[in-house]
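Residue strings, one per chain:
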Amino acid sequence: MLRFKNLGSGSTGNATVVEGRSGSQVRRLLIDCGLGIRQLQARLAQAQLQVEDLDALFITHEHSDHIGCAQTLALRFRIPVWMSEGTYAALGAPDLDGLLRVAHDMEAIDMGAFEARPFTVPHDAREPLQLRCSDGAAHLGILTDLGHASPHVLQQLQGCHALMIEANHDPDMLAASRYPPFLKRRVGGLYGHLANTATAEILRAVQHDGLQRVVAAHLSAQNNLPALARQSLAAALGWADEDIQVASPTEGTQWFDVNPSDGRTVRP
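Reference entry: report on the structure contained in this document. Keep in mind that this is a model prediction, so the values were computed, not measured. (Residues numbered from 1 in each chain as written. Predicted model: local features only at pLDDT ≥ 70, side-chain atom pairs only at ≥ 80, totals over all residues. Heavy atoms only, no water.)

1. Description of the sheet that holds strand β1 (residues 2–8)
- Here we have seven strands laid out as an open sheet, ordered β6-β5-β4-β3-β2-β1-β14, and mixed in their pairing. Since the sheet does not close on itself, it has two edges, and those belong to β6 (100–102) and β14 (256–258), each with one partner. For this sheet, the mean angle separating the axes of adjacent strands, direction not counted, is 25 degrees.
- Strands in contact with helix α1 (residues 37–46) are β1, β2 (15–22) and β3 (25–31); relative to β1, the strand with the most contacts, it is inclined by about 140 degrees. (Pairing = 2+ DSSP bridges. Helix = DSSP H or I, 4+ residues; strand = E, 2+ residues; numbered from the N terminus. Axes fitted to C-alpha atoms, helices over the stretch in contact; angles between N-to-C directions. Contact = heavy atoms within 4.5 Å.)

Here you go:
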């Protein structure tokens, strides 16, 4: 059994828990740790979890809204922390007291009840990675913080039953925003963030009968609206707008099961 819950998504901080169960074995991976430690503990409590329930951390890249309290958390609670060599170097090679685990593109991380397979993405960071998680039957794709979908990215999302995917901005809202020109170019560039339209194209490319759940994540507070993201992503899939969930920066999402059935399950 595989399930996931976002704890917060956006420029103010990102964190997602993936949980796998196999018999009596339960394993949990925290993907990104972009919140303060008290805030993280509060949001874990809302998920009926404690920090002690986490078996490992995975940091996708070095930007502050993803790294947050990761070093403090790892050292205080003795939690192994996975990241790429590039991310570790970009952070200044901090002393993690033996807790560092180096992640590589396409080298699976064995979590016991499930595996997490990192894959490289095009983003303006040193060596960013995103994840595909699987218990062997159910497959979950986590994809945020990238400017475009390379063939490698699209390949890793094939056959997923659930996706948490970036829908950062509406192109018209970004163009009309008060962002300075250099920031508009960065956000909308090939190594920036996905527009709703780009996310829609990804979904068209990876859609299959078993895709049951799509969560729009990392929405810009200034340059997007949940309704616009839902509309764009739902239209690409031929779904109703309300079938697309949106991860909140302050509340995240509820728990979602990842079910490996052949037909799409209607939202809860």
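2. A short note on the pattern of salt bridges
- A full pass over the atoms with the stated rule returns seven salt bridges.
- A salt bridge links Arg21 to Glu19; the shortest N-O distance between them is 3.1 Å.
- Linking Glu201 and Arg204 is a salt bridge whose minimum nitrogen-to-oxygen distance equals 2.5 Å. Here Glu201 and its partner Arg204 are both found in helix α8 (residues 196–206), three residues apart, which amounts to about one turn of the helix.
- Taking the relative accessible area as the measure of exposure, Glu201 reaches 48% and is therefore partly exposed.
- Sharing partners across several salt bridges, the network here consists of Arg3, Glu19, Arg21 and Arg28. (Salt bridge = Lys/Arg side-chain N within 4 Å of Asp/Glu carboxyl O. Buried < 20%, exposed > 50% of the residue type's maximum accessible area, 1.4 Å probe, protein only.)

3. Describing the sheet that holds strand β9 (residues 129–134)
- Strands sit in the order β7-β8-β9-β10-β11-β12-β13 across an open sheet of seven strands; the sheet is mixed. Single-partner strands in this sheet number two, and they are β7 (109–110) and β13 (244–246).
- Across three bridges, strand β12 (residues 213–217) lies against β13 in parallel orientation. Bridge assignment links Ala216 to a residue of β13, and that residue is Val246.
- Packed onto the sheet, α8 meets β10 (139–143), β11 (162–166) and β12 and runs at close to 155 degrees relative to β11.
- This element, helix α9 (residues 226–237), spans β11, β12 and β13 of the sheet and lies at about 150 degrees to β13.

4. Re the pairing of β3
- Counting buried positions along β3 yields five of seven residues, so the element is predominantly enclosed.
- Note: β2 against β3, seven bridges, orientation antiparallel. Within β3, the position partnered with Val18 by the bridge is Leu29.
- Between β2 and β3, which pair antiparallel one after the other, the connecting turn spans two residues, and Gly23 there sits at a positive phi close to 65 degrees.
- With α1 bridging β3 and the parallel strand β4 (residues 56–58), this β-α-β connection has right-handed handedness. (Right-handed = clockwise from strand over helix to strand, strands pointing away.)

5. Looking at α9
- In a regular helix each residue adds 1.5 Å, so twelve residues correspond to 16 Å; α9 covers 17 Å between its end C-alpha atoms and thus fits that length.
- The set of residues buried in α9 consists of Ala229, Ser232, Leu233, Ala234, Ala236 and Leu237.
- Of the surrounding elements, those touching the buried residues of α9 are β11, α8, β12 and β13.
- With its phi angle positive at about 75 degrees, Gly238 sits one or two positions after the end of α9. (Expected span 1.5 Å × (residues − 1).)

6. Observations regarding the pairing of β1
- Where burial is concerned, most of β1 is hidden: seven out of the seven residues are buried.
- Where β1 lies against β2, six bridges are found, and the strand directions are antiparallel. Residue pairing in the sheet places Gly8 in a bridge with Ala15 of β2.
- In this structure, the hairpin formed by β1 and β2 is closed by a connection of six residues, where Gly10 is found at a positive phi of approximately 145 degrees.
- Where β1 lies against β14, three bridges are found, and the strand directions are antiparallel. Bridged to Phe4 within β14 is Phe256.

7. Brief notes about α8
- Burial in α8 covers these residues: Asn196, Thr199, Ala200, Ile202, Leu203 and Val206. Burial along α8 is one-sided: seen end-on, the buried residues are contained in an arc of 160 degrees.
- On its buried side, α8 packs onto β10, α5 (151–157), β11, β12 and α9. (Arc of directions from axis to C-beta.)

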